Amino acid sequence: MDRFRMIFQYFQSNSESVMNGICGLLALASVKIYSCFDFSCPCLPRYNMAYGLGIMFIPPVTLFLCGLILNRQSLVMLEEWRRPQGCRKKDLAVMRYMCSSIMQRAMVAPVVWIIVTLLDGKCLICAFSGSVDPETFVGFANTSPLQVQQLLAKVPCKDDELMRNNTSRKAVTRYLRCWSQALGWSILLILIVAVFLARWLRPCFNQATLLQARHWSNYIDIEQKIFEETCCEHSRLFAHKCILHFFKSIREEIKMHSFNLPREEERAEGEEDLLRGIADQDQVNKLLKMWYYEKPPLDVS
Amino acid sequence: MDKFRMIFQFLQSNQESFMNGICGIMALASAQMYSAFDFNCPCLPRYNLVYGLGILLVPPFILFLLGFVLNNNISMLAEEWRRPRGQRGKDPAVLRYMFCSMAQRAMIAPAVWVSVTLLDGKCITCAFCTSVPVETLGNASHPGLSQGEMKRVLARIPCKEIYDGQELIANEVAIRYLRCISQALGWCFVLLMTTLAFLVRSLRPCFTQAAFLKSRYWSHYIDIERKLFDETCAEHARSFAKVCIQQFFEGMSTDLAATRCHSPRKAPADAGEATEKLLGITDQSTMNTVLKSWHRCKPPLHLHQPTLPSSNGWAGEGQPPAHPSTPRRETVAYYSRV
């Protein structure tokens, strides 16, 4: 429990951490969705390719968009990009830095999906079972072209009556899965090497500019958060003052309309403050009615 | 338990977080409800379509309405919309902002239900099994089946145990076909929703940022003002009740003392807080009278100044008279039976 709390607090310590946390959660969600998803290849000649490639590429697009939506910094960057210049210059380097950091984080979950898909192999088997060369596999070598297409399309479905005891089906499946896993591992290796090189070589180029861009992008983010918090506090104080004014104005109105009320005596300090001069049922009812029918103007000067 | 408490605390840290939390919980509840639901296709020609589409579309509608009901801000929106203008103008942009933000949050659980339903495939399989293209997937030339008969056979596709049309079209082939279409629709729906959400979120800073900041500030202000007003009224009610009850006790104490023809005992200055808090009620019969009077004759909702203890025993009811009347003398008349 403590460990969980510590991890949680660490991730909330600054906004970079929060974004890394969201990125990680989205990647985990991506793996979980893939494992929960019930992949069922249609095993029909033209549908296989559409289904297989669709499952491989549409969810990553969705995950990428989700990564952009859930990242608060994307909004900050857009606002900074679209704001009028005013008294503060716009720094393109800062916006480029923010854009690239947002894109990098948003790309993690889609890449995880694609790699998991390739390493699992079902998508590629489904999409490309109709494209293998039938001559290389014994069971499909001597059949008419139309029939061979139908048969090959049924390869991903083990339980189909035609494929149940077909040894060539297993051969095709193994062949396609081997290609799929090779592709998956290659992509993973290339990406890791690319990231490694990028991180290793970055200090060799423009380190000072990078530090500046990172500082100012952090600043813009913090400034916006503080502005929102200040607005919240301000609206709270404004509301407090407005309500006090309202109570006072009601009290004044009541005083004006009732000349024969005995002079108010001093009560205990605390009670007087809290009662604010409204001391009977009719006055309270009048106050509540006025609050609904005639809210006070938004002016506490 | 600790984990829940921590998550709860994080979500309550501000209003937006809290609303997002409710949103997430409803989405999870929606997915959980679907997995707990026992889907039973009727496997009859016209009922399939109604059942399948009903399960696909009616629960999302209910979840959408529930999303509004569970949102505390709906009453705030309604109040702001219906209040008379009075001294404060109404800003339609603020109302629009409040409604849009509530509608967006309420849309999440229904979207999750529709996505999960489509990706699972049972609903579409049930609803559209009679429309499977038999010519391409099976043997349309299978003899001896009229249209109605064929529909009856096809309607049984989702119910594997009673399916009797294996020569017409294989059960697995049909189910795979329908499920593929359903999952494709599901992913397209998810992509569409995500794209819409992305566009809504990213186009706003490009066009209406200043108006958005204004609407957000004032909608937040209205929410805070309502809460503060409720708090102030609660404080006021507390003080009102305190003073009212205090005056009631003092009044009763003075009244009862006057009935016994002696002035109310004043606590000596150095008697201590406890004695002061007794408010002059110091014995069983007095307390019983006070309790009985509280039940039979509650004091009016009108606070007045603390009156000086006078022998006319008036204090406690209504307005004190402008001129104190002459002191009342208690006389007891004895009737002798002599």
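This is a predicted model, so every value here is computed, not measured.

Remarks on the overall build of chain B
Right, so step 1: Scanning chain B from N- to C-terminus turns up 12 helices and 0 strands.
Right, so step 2: Within chain B, the proportion of its 338 residues that are buried is 37%.
Right, so step 3: Considering only residue pairs separated by 6 or more positions, chain B has 73% of its internal contacts joining residues 24 or more positions apart.
Right, so step 4: Summed over its atoms, the accessible surface of chain B is roughly 20,800 Å², and 63% of this surface lies on carbon and sulfur atoms.

What to know about the confidence of the model for chain B
Residue and element names in this part refer to chain B.
Right, so step 1: When pLDDT is averaged along chain B, the result is 81; 82% of the residues meet or exceed 70.
Right, so step 2: The secondary structure element of chain B with the lowest average pLDDT is helix α1 (residues 2-12), at 62, and the one with the highest is helix α6 (residues 122-128), at 94.
Right, so step 3: This model gives residues 307-338 a pLDDT under 50, and the stretch forms 20 contacts once residues within four places in sequence are excluded.

Considering the interface of chain B and chain A
Right, so step 1: In this assembly, 59 residues from chain B lie in contact with 72 residues from chain A.
Right, so step 2: Interface of chain B and chain A: buried area, both sides summed, is about 6,400 Å²; carbon and sulfur atoms make up 68% of it.
Right, so step 3: When residues of chain B are sorted by the area they lose upon contact with chain A, Arg-176, Trp-187 and Phe-229 of chain B head the list and together hold 12% of the total.
Right, so step 4: Applying the counting rule to chain B against chain A returns 3 salt bridges.
Right, so step 5: Across the pair Asp-38 of chain A and Arg-179 of chain B runs a salt bridge whose closest N-O atoms are separated by 3.2 Å.

Some words on the packing of helix α4 (residues 72-82) of chain A against helix α9 (residues 171-207) of chain B
Right, so step 1: The interhelical angle for the contact between α4 of chain A and α9 of chain B, taken along N-to-C directions, is 25°, at an axis separation of 8 Å. Taken together, the axes of α4 of chain A and α9 of chain B are roughly parallel relative to one another. In this structure, α4 of chain A crosses over α9 of chain B, and the sense of that crossing is right-handed. Along its contact with α4 of chain A, which presents Arg-72, Leu-75, Leu-78, Glu-79 and Arg-82 of chain A, the element α9 of chain B presents Arg-201, Ser-202, Arg-204, Pro-205 and Cys-206 of chain B.
Right, so step 2: Residues belonging to the contact of α4 of chain A with α9 of chain B are distributed by class as follows: 4 nonpolar, 1 polar and 5 charged.

Quick look at the UniProt feature "transmembrane region" (unreviewed entry) in chain A
Residue and element names in this part refer to chain A.
Right, so step 1: UniProt's feature table lists "transmembrane region" (unreviewed entry) at residues 49-70 and 182-201, given in the numbering used throughout.
Right, so step 2: Within the segment residues 49-70, helix and strand shares are 100% and 0% respectively, and the terminal C-alpha atoms sit 32 Å apart.
Right, so step 3: The span residues 182-201 carries 100% helix and 0% strand; its end-to-end C-alpha distance comes to 28 Å.

Considerations on the side chain of Ser-182 of chain B
Residues and elements named next belong to chain B.
Right, so step 1: Here Ser-182 lies in helix α9.
Right, so step 2: Residue class for Ser-182 comes out buried when judged on its relative accessible area of 0%.
Right, so step 3: Not counting residues up to four positions away in its chain, the partners in contact with Ser-182 are Thr-117, Leu-118, Gly-121 and Ile-124.

Thoughts on the domain arrangement of chain B
Residue and element names in this part refer to chain B.
Right, so step 1: Domain parsing of chain B yields domain 1 (1-137 + 145-207) and domain 2 (210-257).
Right, so step 2: Computed from C-alpha coordinates alone, the two centres of domain 1 and domain 2 are separated by 43 Å.
Right, so step 3: Each partner contributes residues to the interface: domain 1 has 14 residues there, and domain 2 has 12 residues.
Right, so step 4: Summing both partners gives a buried area of about 1,100 Å² for domain 1 against domain 2, and 60% of it is carried by carbon and sulfur.
Right, so step 5: Inspection of the domain 1/domain 2 interface yields 2 salt bridges.

Overview of the packing of helix α3 (residues 45-69) of chain B against helix α5 (residues 92-120) of chain B
All names here are of chain B.
Right, so step 1: Where α3 meets α5, the axes come as close as 8 Å, and the angle between the chain directions of the two elements is 155°. The pairing of α3 with α5 is recorded here as roughly antiparallel in orientation. The handedness of the crossing between α3 and α5 is right-handed. Together, Ile-55, Leu-56, Pro-59, Pro-60, Leu-63, Phe-64, Gly-67 and Phe-68 of α3 and Phe-99, Met-102, Ala-103, Ala-106, Met-107, Ala-109, Pro-110, Trp-113, Val-114, Thr-117 and Leu-118 of α5 make up the contact between the two elements.

Considering a nonpolar patch on the surface
Residue and element names in this part refer to chain A.
Right, so step 1: On the surface, a cluster of nonpolar side chains totalling about 780 Å² of accessible area is made up of Leu-189, Val-193, Phe-196, Leu-197, Trp-200, Leu-201 and Phe-205.
Right, so step 2: Tracing the sequence through the fold places Val-193 in helix α8 (residues 167-201).
Right, so step 3: Here Val-193 falls in the partly exposed class, since its relative accessible area comes to 41%.

Quick word on the nonpolar core
Right, so step 1: Membership of the largest hydrophobic core comes to 21 residues, with the highest contact counts inside it found for Phe-37, Phe-39, Tyr-51, Ile-55 and Trp-113 of chain A together with Trp-187 of chain B.
Right, so step 2: Of all the secondary-structure elements, those providing two or more residues to this core are α2 (15-36), α3 (47-70), α5 (92-120) and α6 (122-128) of chain A together with α9 of chain B.
Right, so step 3: For this core, the element with the highest residue contribution is α3 of chain A, accounting for 4 residues.
Right, so step 4: Those residues in contact with Trp-113 of chain A, other than ones at most four positions away along the chain, are Ser-30, Ile-33, Tyr-34, Ile-55, Met-56, Pro-59, Pro-60 and Leu-63 of chain A together with Trp-187 of chain B.
Right, so step 5: Leu-137, Leu-168, Ala-170 and Ile-175 of chain B belong to the second-largest nonpolar core, a separate cluster that totals 18 residues.

Procedures and definitions
Residues numbered from 1 in each chain as written. Chains lettered and ligands numbered in written order. Predicted model: local features only at pLDDT ≥ 70, side-chain atom pairs only at ≥ 80, totals over all residues. Heavy atoms only, no water. Helix = DSSP H or I, 4+ residues; strand = E, 2+ residues; numbered from the N terminus. Buried < 20%, exposed > 50% of the residue type's maximum accessible area, 1.4 Å probe, protein only. Contact = heavy atoms within 4.5 Å. Areas by Shrake-Rupley, 256 points an atom, 1.4 Å probe, with all protein chains shown as cover. pLDDT = per-residue confidence, 0-100. Buried area = accessible area lost by both parts, 1.4 Å probe. Salt bridge = Lys/Arg side-chain N within 4 Å of Asp/Glu carboxyl O. Axes fitted to C-alpha atoms, helices over the stretch in contact; angles between N-to-C directions. Parallel < 35°, antiparallel > 145°, perpendicular 65-115°, else oblique. Left-handed = near helix turned anticlockwise from the far one by under 90°. Nonpolar A, V, L, I, M, F, W, Y, C, P; charged D, E, K, R; others polar. UniProt positions renumbered as here; feature names shortened; annotations may be inferred. Domains from an automatic or database assignment. Patch = residues over 30% accessible without salt bridge, like charges linked within 9 Å, V, L, I, M, F, W, Y side chains within 5 Å. Core = buried A, V, L, I, M, F, W, Y, C linked by side-chain atoms within 4.5 Å.

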